[in-house]
There are 2 protein chains.
Amino acid sequence: MPLPNPQVQNLFQLAAAAPAEEVFEPLLQHPAARIERIVSCGQTTPPGEWYDQNEDEWVVLLQGQATLAYEDGTTAELGPGDYVFLPAHCKHRVMATSQQPPCIWLAVHLPPAVS
Amino acid sequence: MPLPNPQVQNLFQLAAAAPAEEVFEPLLQHPAARIERIVSCGQTTPPGEWYDQNEDEWVVLLQGQATLAYEDGTTAELGPGDYVFLPAHCKHRVMATSQQPPCIWLAVHLPPAVS
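Residues numbered from 1 in each chain as written. Chains lettered and ligands numbered in written order. Predicted model: local features only at pLDDT ≥ 70, side-chain atom pairs only at ≥ 80, totals over all residues. Heavy atoms only, no water.

A. Region of the structure containing the interface of chain A and chain B. Counting from both sides, the interface comprises 44 residues of chain A and, opposite them, 44 residues of chain B. Summed over both sides, the interface of chain A with chain B buries roughly 3600 Å², with 74% coming from carbon and sulfur. Linking chain A with chain B are 0 salt bridges. Remark: the boundary between chain A and chain B carries 12 residue pairs in polar contact (both at pLDDT 80 or more). For the side of chain A that touches chain B, the secondary structure elements donating two or more residues are β1 (9–10), β2 (23–29), β4 (56–63), β6 (75–78), β7 (82–86) and β9 (103–110) of chain A. If you tally residues by element for the side of chain A that touches chain B, the top one is β7 of chain A, at 5 residues. The class makeup of the residues in the side of chain A that touches chain B is 32 nonpolar, 7 polar and 5 charged. (Contact = heavy atoms within 4.5 Å. Buried area = accessible area lost by both parts, 1.4 Å probe. Salt bridge = Lys/Arg side-chain N within 4 Å of Asp/Glu carboxyl O. Polar contact = N/O pair within 3.5 Å; in protein donor to acceptor, adjacent residues only side chain to side chain. Helix = DSSP H or I, 4+ residues; strand = E, 2+ residues; numbered from the N terminus. Nonpolar A, V, L, I, M, F, W, Y, C, P; charged D, E, K, R; others polar.)

B. Fine view of the relation of the copies chain A and chain B. For the pair chain A and chain B, the relating rotation is 180°, the translation along its axis is 0.0 Å, and the fit reaches an RMSD of 0.0 Å. Both chain copies can therefore be described as sitting about a two-fold axis. In terms of C-alpha distance to the rotation axis, chain A has Ala32 of chain A as its closest residue, with the C-alpha 2.8 Å off the axis. (Least-squares fit on C-alpha atoms with pLDDT ≥ 70 in both.)

C. Structural detail: the confidence of the model for chain A. All names here are of chain A. With 93% of its residues at a pLDDT of 70 or more, chain A has an overall mean of 91. Within chain A, no element has a lower average pLDDT than β1, which sits at 92, and none a higher one than β9, at 98. Reported for the predicted complex are a pTM of 0.92 and an ipTM of 0.91. (pLDDT = per-residue confidence, 0-100.)

D. How the structure looks around the packing of aromatic side chains. Residue and element names in this part refer to chain A. One pass over the full model with this rule turns up 2 aromatic pairs over all chains. Between the aromatic rings of Trp58 and Tyr83, the centroid separation amounts to 5.2 Å while the plane-to-plane angle is 35°, which identifies the pairing as tilted. A residue pair is termed long-range when its members are at least 10 positions apart, and Trp58 in strand β4 and Tyr83 in strand β7 qualify at 25 residues. Overall, the relative accessible area of 1% leaves Trp58 in the buried class. Between the NZ or CZ atom of Arg93 and the centre of the ring of Trp50, over which it lies, the distance is 6.0 Å. (Phe/Tyr/Trp six-rings, centres within 6.5 Å; stacked < 30°, edge-to-face > 60°. Buried < 20%, exposed > 50% of the residue type's maximum accessible area, 1.4 Å probe, protein only. Lys NZ or Arg CZ within 6 Å of the ring centre and 35° of its normal.)

E. Here's a closer look at the environment of Leu14 of chain B. Residues and elements named next belong to chain B. Relative to the assigned elements, Leu14 resides in the loop between β1 (9–10) and β2 (23–29). Spatially, the C-alpha atom of Leu14 lies 23 Å from that of Glu57, the residues being 43 residues apart in sequence. Those residues in contact with Leu14, other than ones at most four positions away along the chain, are Arg37, Val39, Gln63, Pro102 and Ile104.

F. Broad picture of the pairing of strand β4 (residues 56–63) of chain B. Residue and element names in this part refer to chain B. Across the 8 residues of β4, 7 count as buried, placing the element largely inside the fold. Strand direction decides the pairing type here: β4 and strand β9 (residues 103–110), joined by 7 bridges, are antiparallel. Bridging from a neighbouring strand, Leu61 pairs with Trp105 of β9. In terms of strand pairing, β4 meets strand β7 (residues 82–86) through 4 bridges, oriented antiparallel. Each residue of the ladder has a partner; that of Trp58, found in β7, is Phe85. (Pairing = 2+ DSSP bridges.)

G. Inspection of the nonpolar core at higher detail. Counting 28 residues, the largest nonpolar core has Trp58 and Leu106 of chain A together with Trp58 and Leu106 of chain B as its most contacted members. At the level of elements, β2, β4, β7 and β9 of chain A together with β2, β4, β7 and β9 of chain B are the ones that each hand at least two residues to this core. Apart from the residues within four sequence positions on either side, Trp58 of chain B is in contact with Leu27, Leu28, Ile35 and Leu106 of chain A together with Tyr83, Val84, Phe85, Leu106, Ala107 and Val108 of chain B. (Core = buried A, V, L, I, M, F, W, Y, C linked by side-chain atoms within 4.5 Å.)

H. Looking closely at the sheet that holds β4 of chain A. Taken together, the 6 strands give an open sheet; going across it, the order is β2(A)-β3(A)-β9(A)-β4(A)-β7(A)-β1(B), and neighbouring strands pair in antiparallel fashion. Edge positions in the sheet fall to β2 of chain A together with β1 of chain B, since each of these pairs with one other strand and no more. Two strands pair when backbone bridges link them, and strand β3 (residues 34–40) of chain A and β9 of chain A are joined in this way by 7 bridges, in the antiparallel orientation. Pairing of Val39 of chain A across the sheet is with Ile104 of chain A, part of β9 of chain A.

So, in structure tokens, the structure goes:
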């Protein structure tokens, strides 16, 4: 019988000091998916830059407030528990992330369903 | 350019009335993974029964308090943000789930990494 990961770990535990840069932490490296925690604390995507990913991404904001922008000019205001699915090559930017409290994101990166 | 899911949805929104049974809601049906929200409100795995799944599962408790038990006799007390990885056929039971507040779980079901 395979054993579970014996160490229960926690998504909401943060370092005492706010990080100067966004922090990306792998939580699960699996052949089918990569699960990652992202902590943002006021950081945004630099003006004019876009995320244009080769993978699908399902992402939920678990703490904080954030604003996403899409290439078609629409935006999405996210609060705790809000989630979106971002297909591969759906260009998006992070326009705003709260500092108090820091934003805690949980992202599931998946191979593209449509290639 | 593929469009994102235009509707931001929320993990923490619950029905006004506590459900009599556990509620399993698919959040993403993807070829590589199935993401699901589970709401438990005092329900447990019936005595003597075990989950013995064909898939790997990464699961995080986002709200509430719960106790998992494994076949080797160990248990894990989970609170908000606590996550575990349950490989396929790692037999486990849910021994306890809080009613106030209800337990909100986020589960990512994945094909087994080791078959």
